[in-house]
Amino acid sequence: MGGCFSKPKPVELKIEVVLPEKERGKEELSASGKGSPRAYQGNGTARHFHTEERLPAPHPYPGTQDCVEAAVCHVKDLENGQMREVELGWGKVLLVKENGEFHALGHKCPHYGAPLVKGVLSRGRVRCPWHGACFNISTGDLEDFPGLDSLHKFQVKIEKEKVYVWASKQALQLQRRTKVMAKCISPSAGHSGSTNVLIVGAGAAGLVCAETLRQEGFSDRIVLCTLDRHLPYDRPKLSKSLDAQPEQLALRPKEFFRAYGIEVLTEAQVVTVDVRNKKVVFKDGFKLEYNKLLLAPGSSPKTLSCKGKEVENVFTIRTPEDANRVVRLARGRNAVVVGAGFLGMEVAAYLTEKAHSVSVVELEETPFRRFLGERVGRALMKMFENNRVKFYMQTEVSELRAQEGKLKEVVLKSSKVVRADVCVVGIGAVPATGFLRQSGISLDSRGFIPVNKMMQTNIPGVFAAGDAVTFPLAWRNNRKVNIPHWQMAHAQGRVAAQNMLAQEAEISTVPYLWTAMFGKSLRYAGYGEGFDDVIIQGDLEELKFVAFYTKWTGVRQVLQEGGLLLGSPPAQPPSPCRGDEVIAVASMNYDPIVSKVAEVLASGRAIRKREDRRYVLAHRERILSLHAADLGRHAGAPGTEAKPWGQVPTSNFPGSPTREPESSQCLPWAAWLTSREALAASRCSPPKASAATKGWPWRQDRPCLFSCYWDWSPVGALQHIRHYLKIKTHTFADLCDFHCNWANTREGETGTATECSMPHQEVWPVSAQRR
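The present account deals with the structure reproduced in this document. (Residues numbered from 1 in each chain as written. Predicted model: local features only at pLDDT ≥ 70, side-chain atom pairs only at ≥ 80, totals over all residues. Heavy atoms only, no water.)

Focus: the overall build of the protein
When helices and strands are counted, the protein shows 14 helices and 43 strands. Expressed as a percentage of its 771 residues, the buried residues of the protein come to 56%. If you take every contact in the protein between residues at least 6 apart in sequence, the share linking residues at least 24 apart comes to 66%. Counting every atom, the protein has about 33800 Å² of accessible surface; 47% of that belongs to carbon and sulfur. (Helix = DSSP H or I, 4+ residues; strand = E, 2+ residues; numbered from the N terminus. Buried < 20%, exposed > 50% of the residue type's maximum accessible area, 1.4 Å probe, protein only. Contact = heavy atoms within 4.5 Å. Areas by Shrake-Rupley, 256 points an atom, 1.4 Å probe, with all protein chains shown as cover.)

Focus on a positive patch on the surface
A surface patch of positive charge is lined by Arg333, Lys406, Lys408 and Arg419. On the basis of relative accessibility, which here comes to 58%, the residue arginine 419 falls in the exposed class. (Patch = residues over 30% accessible without salt bridge, like charges linked within 9 Å, V, L, I, M, F, W, Y side chains within 5 Å. Salt bridge = Lys/Arg side-chain N within 4 Å of Asp/Glu carboxyl O. Lys, Arg positive; Asp, Glu negative; His and termini not counted. Charge placed at Lys NZ, Arg CZ, Asp CG, Glu CD.)

Notes on the packing of aromatic side chains
Taken as a whole and assessed by the stated rule, the structure comprises 11 aromatic pairs. A centroid spacing of 5.6 Å and a plane angle of 90° characterise the contact between phenylalanine 256 and phenylalanine 257, whose relative ring orientation is edge-to-face. Of the residues examined, phenylalanine 256 reaches a relative accessible area of 9% and is grouped as buried. Taken together, a centroid distance of 6.2 Å and an interplanar angle of 70° make the contact between phenylalanine 384 and phenylalanine 391 edge-to-face. The rings of Phe342, Phe368, Phe371, Tyr524, Phe531 and Tyr549 are connected pair by pair, giving a single aromatic cluster. (Phe/Tyr/Trp six-rings, centres within 6.5 Å; stacked < 30°, edge-to-face > 60°.)

So, the pattern of salt bridges
Under the counting rule described, the total for this entry stands at 23 salt bridges. A salt bridge links arginine 479 to glutamate 529, with the shortest nitrogen-to-oxygen separation between them at 3.4 Å. Residue arginine 479 is located in strand S33 (residues 479–481), and its partner glutamate 529 is located in the loop between strand S35 (520–526) and strand S36 (533–539); the two are separated by 50 residues in the primary sequence. Residue arginine 479 is classed as partly exposed on the basis of its relative accessible area of 31%. Taken together, the shared-partner salt bridges in this structure form one network comprising Arg123, Arg125, Arg127 and Glu599.

Some remarks on the sheet that holds strand S6 (residues 92–98)
Spatially, S4-S13-S12-S7-S6-S5 is the arrangement adopted by the six strands of the open sheet, whose pairing is antiparallel. Two strands close off the open sheet at either side, each with one partner strand: strand S4 (67–74) and strand S5 (82–87). Strand-to-strand twist of the sheet, defined as the mean angle between neighbouring strand axes without regard to direction, takes the value 30°. (Pairing = 2+ DSSP bridges. Axes fitted to C-alpha atoms, helices over the stretch in contact; angles between N-to-C directions.)

Some points on the environment of tyrosine 233
Here tyrosine 233 is to be found in the loop between strand S15 (222–225) and helix H3 (246–249). Owing to a relative accessible area of 5%, tyrosine 233 belongs among the buried residues under this scheme. Discounting residues that sit within four places of it in the chain, tyrosine 233 has contacts with Asp228, Leu238, Leu249, Ala250, Leu251, Arg318, Thr319, Pro320 and Trp486. Here the side chain of tyrosine 233 touches arginine 318 through a polar contact of 3.4 Å, landing on its backbone oxygen. (Polar contact = N/O pair within 3.5 Å; in protein donor to acceptor, adjacent residues only side chain to side chain.)

What follows is the structure, given as structure tokens:
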């Protein structure tokens, strides 16, 4: 693991194209509904319409008098792949240029208002820099979550080399758009004992499922039931803003549910599910038949099992009422938080300005240790300590003492006694699936509901989503995982709805979460469970960093553009050259790096850890000795005969001379380090001759371990370098602000390279063959 760095240290990454296999044998589902007198199949999507009901074609502008038009830039002001905020007088617009076309969209993410111009533009969509939501630049539609609404799309025209944007004044001010939805034409009156779709759980998964059905034209009855007394609300805000009122947290107003015929049963607890008869029974005895069922019950918070657990003023944060009571009781008094996970730390951070004292009790050595690693955890712990939070680590609560029935002290197993007037317990949660144990729906040993990529359970017509499921994570080799993230619940709810309509959608989103403490946001993408190492770039002390979480995955052969096949390294490579893959990333004050990584992973590419250059330079002799035998290996194809220690003849380069070059004209394949970088990194002297270095054409005026010599070619070897750089592994080479500008050279001149924060080849010596 090692210690953190006081100054930024280059992280060297490589991106490979990964093509995940499609799951076969998908279950075919019927989307016809009981209440729908007419249904048809179109383009593989089941939809329910009636002759009297048609989805209206949206028109972006109510009238010309309500619109504004302005010239915003010259056509040459933006290059392909660039974004810019432009002013229209009534508001700003995000102007995007991709593939030579201009697009104009709302400039703020509808989720929390992030400026999208600071996000990531890729594959025809822009990803939010804060929380990872994605929007199609051609339509403005929301393509990945979190959030519920899309962006407005504005008209663009080009006249006389100027770009004009025409927009609705109202749309400019709203900055959000709700997709067109069908309305329910199967009222509950007369058959209230049955519904076409029943959704158990009104969190993000349940709400998105209901909305997706309506967006896809589904017009039959939908019933959403919840244990809460409130309509669906933004649950992650509970621990970040404890005094927020229910109406401030609501995801949709009452009028929304009424307008689109989504029935919400509050304080409704399902106790039995009869899958044979497609019926559920509620606690009050009410029975409801269904055609399709989504199970999204969420989780239940764990509670303390120590002595005195029944005393007053001990809470788990489950509802707005819980959060409001904690704030009210903690004002000017002593608060204790048990658990240093996300919920516990968010509560502790919020209470520092409300309570007299805040203490955190945690069994681990550092907060977030299993999730973010020890170094990041210690940096965050220091931030809390600087804000008057007292930590009691590697201990547990043994007793809760009360005075007149109310909490007064928390006794720890370490024998310390902490004064407490209110206690918040955040020690994890368990899936709320107890009511399914006798249903025939499969549960694993921990109580989670296993589903496939289509969010289907083992029972036809029954789907599950949200915190209570385990599902195959595509980019982690379909490993079955449970990811209780708000964003993931959104995505799972949509996939479940699509497959209720037989659209054969699969879950493929990249997990993305965030937290906010003391005005600082930490963002996280990927799935880092079981990481082997953490690479830190930036300054942990200043809380401006990015942390890459890596795991050994083995090294695969990489096919490159240009007709080259890179050979694989040994099956068990010696340290430090390992095939570690980045499986997650976390950052603070380093936007939009997390969204960049999320977009790379979402595109199917893999990010691999590379050797740090300073380390390579410091251990050059050891690395050469370890790989001496491999440096001379080649594929054996004609024209690739091995030269001393793995040098590739220049005749194998495109456009190279036909004559066979001398030994000094061969190109060594290894780490690509310029003399400027080598000198800046270590000021090392030229390597001494040894058995490992014998045969290498070392340049005494370039004191680096492996150098790229291109001053020998009479035909402009710069083209050769560029040829080898045009590989799929670098389509996202700017991931860590990578830039590498090769200077133009003339015949007989030496090419030079600028500062480069990411190398172009694996540290592994490789062999080349012509296709």
